[in-house]
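Structure at a glance
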Amino acid sequence: MREVVIVAIAATVGNLLVGWDSSTIAAGMTYIKKEFKLETNPTLEGLIMSTSFITGTVVTIFSGTVSDMLGRRPMLIASSIMFFFSGLVMLWAPNVTVVLLSRLLDGIALALALTLTPLYISEIAPPDIRGTLNTLPQFSCSSGMFLAYIMVFSLSLVDSPSWRAMLAVVSIPSVVYFLLAVFYLPESPPWLVSKGRVTEAKKVLQRLRSNEDVSGELALLAEGMSPAGENATMEEYIVTPASDLMANKEAGRDCIKLYGPNQGGVSMVAQQVSGQSSMVSRSTLTLSRHGSIVAQAENLKDPLVNLFGSIHDINPPTLDSGGSRAMLMGGDTLHSNENLNAPLLSAQGSGVERDKGFGSKDALGTGNNDANQLPKSSDIGGGWKLVYKSGDGGRKEKGLQRVYLRADPNAGSTQGSFYDGYDMNSEPSESFQAAALVSHSVLCPKNINMRPENAGKRTGFGGLSDIGVKRALGVGIGLQVLQQAAGINGFLYYAPQILDQAGVGALLSHFGISSTSASLLVNIVTTFAMLPCISLSMRLMDVAGRRAIMLYTIPILIVSLMVLILRNLFNMSANANAIVTALSVMVYESCFCMGLGAIPNIVCSEIFPTSVRGICISICSLTFWISILIVTSSFPFLLQILGLSGVIGLFVLGCIGAWIFVYLKVPETKGMPLEVIIDFFAIGARPE
């Protein structure tokens, strides 16, 4: 995974510049206000702060659509160019008008970096570490803030600090960002597949995975162009050693057969728990595994949350010592190979005859003359397998069926499970449960061209009307609004002033530094404290999951904000008041970065189909920018009207609303391939 990690780190240089910019403008505003006499003009002060957000709002409207047309990489290159010129303009800035021009260019750079970096990383990352890699933008952003505060603190110690130099330094690292984007970053494989450039996508995947055989992931990207339709089904299977079932003559032609890599025989056999092949009720998936009291509480959640949760909490059915395996029937013949020498579709019982072939190309349209082969590798990450079966099996749809198969994660320690990399060369001895999502495949004998026009689902704005996309947009938009309602940008951009009002300058006055420098020093400590917190979040993102991290960190935000409100009710000394304020701000910002700061962008980059992912990300980012614009432009007025405690009280309400929304509406997406997440939204959003 080394190469994909390095590429992800290189892509987040733009987020480092975002953090650098937010810190330098927050610190530089103190000097800009003095030079241009803005103390009595909060409107102009708010305009300087919000110009980049106004620009970002406009740019975001088009960035997703343009990235769907031109690719992700060109947009990152454009972001680096805008950062470079915004710094140069700010270095020259003789008046407020030129400052606003620099902020306008800066807004373009910010919008492109914030919108497209999580999207880009999600599309290049394997499911097992996608959450960790997509936390890198937040870590990079906080690192940029930390480094920038060190710089502005050092400049504040001189007799005549230059705010122009503070804000112009961003041009230097932007050159590094430009060179990396042009000469090192590859294009996103899903975007390449969506444009029919499968050969290029294969080369990129081989580089990122350091593996020659990426056929399974290529097939997955192709399948992702057509999310599950109305006839998609959820099924549950028992996977058991083939020798065990065949010895008892229980494995007939309708079982699902899994082949080992270097053998002609069947290694494992999957059989459906029930005798039918119908979609499992969304409520059944959860309520059948919980008591009645818990079930009633679960009913408050969106069915999508329960559906995703059921996949992360599979409990194996009881196997009695008698003949319970004989009850496990269903499915059509499925042939898969785990690493690959046996053909995926053999002539034996397949229904897709070898001698008919697939035409002049292979199944992915790469021009390979070995036309009879579907993907050799079935592993698509996170314990999921992509396998295929043919025939209708009682369904309305005929032809090739794709099966996303996942073993019980609780069986990962057993010899039989392939969840944590089961070695099919060894002799399997135990049974385990697997869940499967079955739907019509875009790979079929009569139409093997993998181009978006043949993929079956609507693209562009027409795709936004699909019920799964609409439900995903509700989750994404809600997270972006409530993230800003929690008040983070009020703190980031006005924290130096808040700390100054709390008397932090007086606390550090005996060190012989000004109150402005003292507040900057506190921000250095605060942003430094963010880094280990984000590192912990990175470690937990693919273990505990996105949803759990948010549910546990938001209450800490509420407590830290309440401390800032209630401190005024106690007769504390000036020094004690300054310490409590500084600690509360530090805890708030650090825990926010762990959860509600990083995760909304991660979730938004995971839940939309490839065909409309850019547009949907633009809509979510547009919501983000509008929310930031409202918070940053209104903050000075709210401070004057409500006071600091009143404004923080509004942020407490925003945090409470965010926790309720996450609990009821946000599903857990850890470890799931993007294409599987998309299919779950498609079937989970359907009415029962």
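Residues numbered from 1 in each chain as written. Predicted model: local features only at pLDDT ≥ 70, side-chain atom pairs only at ≥ 80, totals over all residues. Heavy atoms only, no water.

Moving on, we come to the environment of Y663. On the secondary structure map, Y663 appears in helix α24 (residues 613-665). As for Y663 and K301, which are separated by 362 residues in sequence, their C-alpha atoms are 7.1 Å apart. When near neighbours in sequence (up to four residues on either side) are disregarded, Y663 contacts K301, V305, R547 and L551. (Helix = DSSP H or I, 4+ residues; strand = E, 2+ residues; numbered from the N terminus. Contact = heavy atoms within 4.5 Å.)

Take the packing of helix α1 (residues 2-11) against helix α5 (residues 96-124) next. Axis separation between α1 and α5 bottoms out at 10 Å; the angle between their running directions is 175 degrees. Between α1 and α5, the angle is such that the two are roughly antiparallel. Only T117, Y120, I121 and I124 of α5 make contact with α1, whose side of the interface consists of V4, V7, A8 and A11. (Axes fitted to C-alpha atoms, helices over the stretch in contact; angles between N-to-C directions. Parallel < 35°, antiparallel > 145°, perpendicular 65-115°, else oblique.)

It is worth spelling out the packing of α1 against helix α2 (residues 13-36) at this point. Between α1 and α2, the least distance of the axes is 4 Å, while the angle of their chain directions is 30 degrees. Here I9, A10 and A11 of α1 come into contact with α2, specifically with V13, G14 and N15. Of the residues in the contact of α1 with α2, the class split is four nonpolar, two polar and no charged. (Nonpolar A, V, L, I, M, F, W, Y, C, P; charged D, E, K, R; others polar.)

Across all of its chains, the model carries 10 aromatic pairs by this definition. An angle of 70 degrees between the planes, with centres 5.9 Å apart, marks the rings of F36 and W163 as edge-to-face. In this pair, F36 is assigned in helix α2 and W163 in helix α8 (residues 163-168), connecting sequence segments 127 residues apart. With respect to class, F36 is no different from W163; both count as buried. Aromatic ring contacts, followed pair by pair, group F308, W384, F680 and F681 into a single cluster. Positioned above the aromatic ring of Y184, the side-chain terminus of R207 is 4.8 Å from the ring centre. (Phe/Tyr/Trp six-rings, centres within 6.5 Å; stacked < 30°, edge-to-face > 60°. Buried < 20%, exposed > 50% of the residue type's maximum accessible area, 1.4 Å probe, protein only. Lys NZ or Arg CZ within 6 Å of the ring centre and 35° of its normal.)

As a further point, take the side chain of S142. Mapped onto the fold, S142 is located in helix α7 (residues 136-156). The contacts of S142, once residues within four sequence positions are left out, are T527, M530, L531, I534 and C593.

So, on to the side chain of D542. By secondary structure assignment, the location of D542 is in the loop between α20 (515-541) and α21 (546-566). Taking the relative accessible area as the measure of exposure, D542 reaches 18% and is therefore buried. At a separation of 3.1 Å, a polar atom in the side chain of D542 contacts the main-chain amide nitrogen of G131. Not counting residues within four places of it along the chain, the set of residues in contact with D542 comprises P127, D128, I129, R130, G131, T132 and K670. (Polar contact = N/O pair within 3.5 Å; in protein donor to acceptor, adjacent residues only side chain to side chain.)

We now examine α5. Three or four residues apart is the spacing at which side chains of an α-helix point the same way, because the helix has 3.6 residues per turn. In this model, α5 (29 residues) spans 42 Å end to end at C-alpha, consistent with the 42 Å of a helix rising 1.5 Å per residue. Of all the bends found along α5, the most pronounced is centred on L116 and spans about 30 degrees, while P118, a proline, follows it within four residues. Counting buried residues in α5 gives 23 out of 29 residues, a clear majority hidden from the surface. You can read the cap of α5 off the contacts: a side-chain oxygen lies 3.1 Å from the backbone nitrogen of T97, and it is on N95. (Expected span 1.5 Å × (residues − 1). Bend = angle between axes of the 7 residues up to and from the residue.)

For the rest of this paragraph, the subject is the nonpolar core. Counting residues in hydrophobic clusters, the biggest one holds 157 residues, and the most contacted among them are I32, F83, W163, L561, F608 and F680. Sort the elements by how many residues they give to this core and α24 lands first, with 17 residues. Residue contributions to this core reach at least three from each of two domains, namely domain 1 (1-229) and domain 3 (464-687). Setting aside anything within four residues of it in sequence, one finds W163 in contact with G28, Y31, I32, E35, F36, M90, A93 and V99. Membership of the second largest hydrophobic core comes to 12 residues, among which are V403, A407, F432 and V438. (Core = buried A, V, L, I, M, F, W, Y, C linked by side-chain atoms within 4.5 Å. Domains from an automatic or database assignment.)

From the geometry alone we can't say anything about function, so treat these as descriptive.
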